[in-house]
Amino acid sequence: DPAIGGVAGNQRYRSSAAAEGTAEGERAYWGFDRLLKVAESRAGSTISATGAIYAIRRDLFRDVPPGVTDDFYTSVSVIAQGFRLVFVPNAVAWEEPAQSGRGEFRRKVRVMTRGLRAIVLHRSLLDPRTHGFYAVQLLSHKLLRRLMWAPLIVLMVTSPALWRRGPIYRLATVVQGTFYGLAVIGLVPGRRARLRLVDLPAYFCLAMAASLVASWNLLRGRQIDRWEPTSKDRR
């Protein structure tokens, strides 16, 4: 298909008995993300490709600037040049989950910081006048999701303060308290007991904390140009 400039493959995580609860939460999240990618691809283009497995036409490759996530920058460059990026779920790359929440947090901060910088450099893709519905997808999927920590903090602070104002505020306080309580249990270092109820809240809060740090890195101009893996990142 001459309209297709790149193909994004399907990254999947293996189940690991040694991994902490956040790894199981990430596996559950990627199942949801896969559904999004299928829908995005049907709507025109999926947002971007994962570095685990993707391909683009050779003549569409552009030099990758420092401080960006290279797979994201390279794959969205295909769309910037007027071609489609499609998702193929049958092209699968299997990866091992992070063995610790601390290692996963560091990885997410790095990836999100570099990804946000890539969006800044490719900000023309956020213009719906030239890129149509893809601009809306990119805004909601990659930018607003990275900034979700802001309204969540506001909600967490205001709900208890408005406890006496009505049942809706009390319900919001209880729901948030329960959710974050489960997340704290799931984030306990060294936890190996399989309690699926806490895995997703733990991963969600870890990702939100990483996006907060990444947003701060972007605002203060901190670039992450290189990364040397250590033994701690593999545990």
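Residues numbered from 1 in each chain as written. Predicted model: local features only at pLDDT ≥ 70, side-chain atom pairs only at ≥ 80, totals over all residues. Heavy atoms only, no water.

Chemist: Which parts of the structure should I look at to understand the packing of aromatic side chains?
Modeler: In this description, an aromatic ring pair is defined by two values, namely the gap between the centres and the angle between the planes. Per the counting criterion, the structure on display carries two aromatic pairs. On the numbers, 5.7 Å between centres and 80 degrees between planes, the contact of Phe 179 with Tyr 180 is edge-to-face. On the accessibility criterion, Tyr 180 (22% relative accessible area) is partly exposed. With centroids separated by 5.6 Å and ring planes inclined at 80 degrees, the aromatic side chains of Phe 179 and Phe 204 adopt a geometry described as edge-to-face. Within this pair, whereas Phe 179 is found in helix α7 (residues 167-186), its partner Phe 204 is found in helix α8 (residues 196-219), the two being separated by 25 residues in sequence. You can call Phe 204 partly exposed: its relative accessible area is 31%. Aromatic ring contacts, followed pair by pair, group Phe 179, Tyr 180 and Phe 204 into a single cluster. (Phe/Tyr/Trp six-rings, centres within 6.5 Å; stacked < 30°, edge-to-face > 60°. Buried < 20%, exposed > 50% of the residue type's maximum accessible area, 1.4 Å probe, protein only. Helix = DSSP H or I, 4+ residues; strand = E, 2+ residues; numbered from the N terminus.)

Chemist: How should the packing of helix α2 (residues 70-80) against helix α3 (residues 101-121) be read in this particular structure?
Modeler: With their axes 9 Å apart at the nearest point, α2 and α3 run at an angle of 25 degrees to one another. One way to sum up the angle between α2 and α3 is to call them roughly parallel. Every pair of crossing elements has a handedness; the one defined by α2 and α3 is right-handed. In contact with Asp 70, Phe 72 and Tyr 73 of α2, α3 contributes Arg 114, Gly 115, Ala 118, Ile 119 and Leu 121. Along the lines of polarity and charge, the residues of the contact of α2 with α3 split into five nonpolar, one polar and two charged. (Axes fitted to C-alpha atoms, helices over the stretch in contact; angles between N-to-C directions. Parallel < 35°, antiparallel > 145°, perpendicular 65-115°, else oblique. Left-handed = near helix turned anticlockwise from the far one by under 90°. Contact = heavy atoms within 4.5 Å. Nonpolar A, V, L, I, M, F, W, Y, C, P; charged D, E, K, R; others polar.)

Chemist: How should the sheet that holds strand β3 (residues 84-95) be read in this particular structure?
Modeler: Two strands in a sheet stick together by hydrogen bonds in their backbones, pointing the same way (parallel) or opposite ways (antiparallel). Read across the open sheet, the three strands follow the order β2-β1-β3; overall the sheet is mixed. Each end of this open sheet is capped by a strand with a single partner; those strands are β2 (54-56) and β3. Here the average twist between neighbouring strands, direction ignored, is 20 degrees. Pairing of strand β1 (residues 4-13) with β3 involves eight bridges; the strand directions are parallel. The residue of β3 that forms the bridge with Asn 10 is Val 92. In the packing of α2 onto the sheet, contacts are made with β1, β2 and β3, and the angle to β2 comes to roughly 40 degrees. (Pairing = 2+ DSSP bridges.)

Chemist: What should I look at first to understand α7 in this one?
Modeler: If you check α7, its first and last C-alpha atoms are 29 Å apart, about what 20 residues at 1.5 Å a residue would give, namely 28 Å. Of all the positions in α7, only Thr 173, Gln 176, Leu 182, Ala 183 and Gly 186 are classed as buried. Next to the buried residues of α7 lie α6 (149-161) and α8. (Expected span 1.5 Å × (residues − 1).)

Chemist: Which parts of the structure should I look at to understand the pairing of β1?
Modeler: Regular strands place their side chains on alternate faces of the sheet. Among the 10 residues in β1, eight count as buried, and that is most of the element. In this sheet, β2 lies alongside β1 in antiparallel orientation, the contact comprising three bridges. Among the inter-strand pairings, Val 7 is bridged to a residue of β2, identified as Ala 55.

Taken by themselves, the reported measurements are silent on function.
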